[in-house]
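Reading the structure
Chain residues, written in single-letter form:
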Amino acid sequence: MEKTVSSHLVFPHSVRVRAVVMTRDDSSGGWVPLGGGGLSHVVICKGRSSEGRGRREYVIRGERLRDRAPVLECAVQKGLVYNKVNPIFHHWRVDERKFGLTFQSPADAVSFEKGLQSVLDKLDRGSDSPSSSTPEEGDTEDDGQASVLVSHRQ
């Protein structure tokens with residue numbers, strides 16, 4: 001299997017899952033697919049988010065499988081609240097935006113939740129602040145999986 005190389009490497013405790021990325025539409029009172037819908041690869045990685053002003057941080061990114069279009073970029077912040085609605089739908093809120101994932105399986109949901117919880121624990125302890133890491137540190141951490149988010153190269 002050929003890997004796509006990207007400047008956003010997945011950190012050692014992360015996973016890559018398949019899910020439909022959702023957002024909350026308060027006007028209709030429901031959850032709707034983000035970016036036109038469709039199944040996406042979703043990863044948690046160390047990188048620079050578009051709103052991060054060049055700081056390295058943990059970011060949740062989603063890329064639609066059918067056309068590799070980016071559909072989600074969300075910085076993981078201390079205090080993020082993660083909600084498990086059912087075995088395959090989980091959601092969280094960042095500032096005023098709400099994001100959700102409809103996973104392909106309960107196992108994917110559990111894997112993603114564990115990876116995100118690991119990041120949140122590190123941020124709470126202050127033991128792994130990605131914004132203070134050097135580019136060399138962030139660029140060498142890899143679990144053998146390369147993120148497929150080539151459209152977000154810095």
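Heads up: the structure comes first, above all this text.
From a predicted model like this one, the values you see are computed outputs, not experimental measurements.

Brief notes about unusual backbone geometry
If you check the backbone angles, arginine 68 has positive phi at about 60 degrees while not being a glycine. Of note, arginine 68 is situated in the loop between strand S4 (57-64) and strand S5 (70-75). Under the relative-accessibility criterion, arginine 68 is labelled partly exposed at 37%. Located in the positive-phi region is aspartate 95, a residue other than glycine, with phi close to 55 degrees. Position of aspartate 95 relative to the elements: it lies in the loop between strand S7 (89-94) and strand S8 (97-103).

Quick look at the nonpolar core
Ranked by internal contacts, the top residues of the largest apolar core, which has 25 residues, are Ile60, Trp92, Phe112 and Leu116. Among the elements of the structure, strand S1 (16-25), strand S3 (39-47), S4, S5, S7, S8 and helix H1 (106-125) are those that each provide at least two residues to this core. If you tally residues by element for this core, the top one is H1, at six residues. The residues contacting leucine 116, other than those within four sequence positions of it, are Ile44, Ile60, Val76, Leu80 and Tyr82.

Brief notes about the pattern of salt bridges
Counted under the stated rule, the structure contains six salt bridges. A salt bridge links arginine 61 to glutamate 73, with the shortest nitrogen-to-oxygen separation between them at 3.4 Å. Taken together, the positions of arginine 61 in strand S4 and glutamate 73 in strand S5 put the pair 12 residues apart, joining distant regions of the chain. Taking the relative accessible area as the measure of exposure, glutamate 73 reaches 19% and is therefore buried. Note that glutamate 113 and lysine 84 form a salt bridge whose closest N and O atoms lie 3.3 Å from each other.

Describing the environment of glutamine 104
One can find glutamine 104 in the loop between S8 and H1. Sequence separation between glutamine 104 and alanine 19 is 85 residues, and the spatial gap between their C-alpha atoms is 5.7 Å. Each residue touching glutamine 104, except ones within four places of it in the same chain, is listed here: Arg18 and Leu39.

Considering the packing of aromatic side chains
Using the criterion set out here, one finds six aromatic pairs in the structure. An angle of 20 degrees between the planes, with centres 6.3 Å apart, marks the rings of tyrosine 82 and tryptophan 92 as stacked. Of this pair, tyrosine 82 sits in strand S6 (residues 81-86) while tryptophan 92 is found in strand S7, placing the two residues 10 residues apart along the sequence. The exposure classification of tyrosine 82 matches that of tryptophan 92, with both residues buried. A connected cluster of aromatic rings, assembled from ring pairs, spans Tyr82, Trp92, Phe99, Phe103 and Phe112.

As for the pairing of S6
Where S6 meets S7, five bridges bridge the pair, whose relative direction is antiparallel. When the sheet's bridge partners are listed, tyrosine 82 is paired in S7 with tryptophan 92.

What to know about H1
Along an α-helix, residues three or four apart share an orientation, since each turn contains 3.6 residues. Between the first and last C-alpha of H1 there are 28 Å, a value that for 20 residues agrees with the 28 Å anticipated at 1.5 Å per step. Of all the residues in H1, the buried ones are Ala109, Phe112, Gly115, Leu116, Ser118, Val119, Leu120, Lys122 and Leu123. Positive backbone phi, at 75 degrees, marks glycine 126, one or two positions downstream of H1.

Thresholds, definitions, all that
- Residues numbered from 1 in each chain as written.
- Predicted model: local features only at pLDDT ≥ 70, side-chain atom pairs only at ≥ 80, totals over all residues.
- Heavy atoms only, no water.
- Helix = DSSP H or I, 4+ residues; strand = E, 2+ residues; numbered from the N terminus.
- Buried < 20%, exposed > 50% of the residue type's maximum accessible area, 1.4 Å probe, protein only.
- Core = buried A, V, L, I, M, F, W, Y, C linked by side-chain atoms within 4.5 Å.
- Contact = heavy atoms within 4.5 Å.
- Salt bridge = Lys/Arg side-chain N within 4 Å of Asp/Glu carboxyl O.
- Phe/Tyr/Trp six-rings, centres within 6.5 Å; stacked < 30°, edge-to-face > 60°.
- Pairing = 2+ DSSP bridges.
- Expected span 1.5 Å × (residues − 1).

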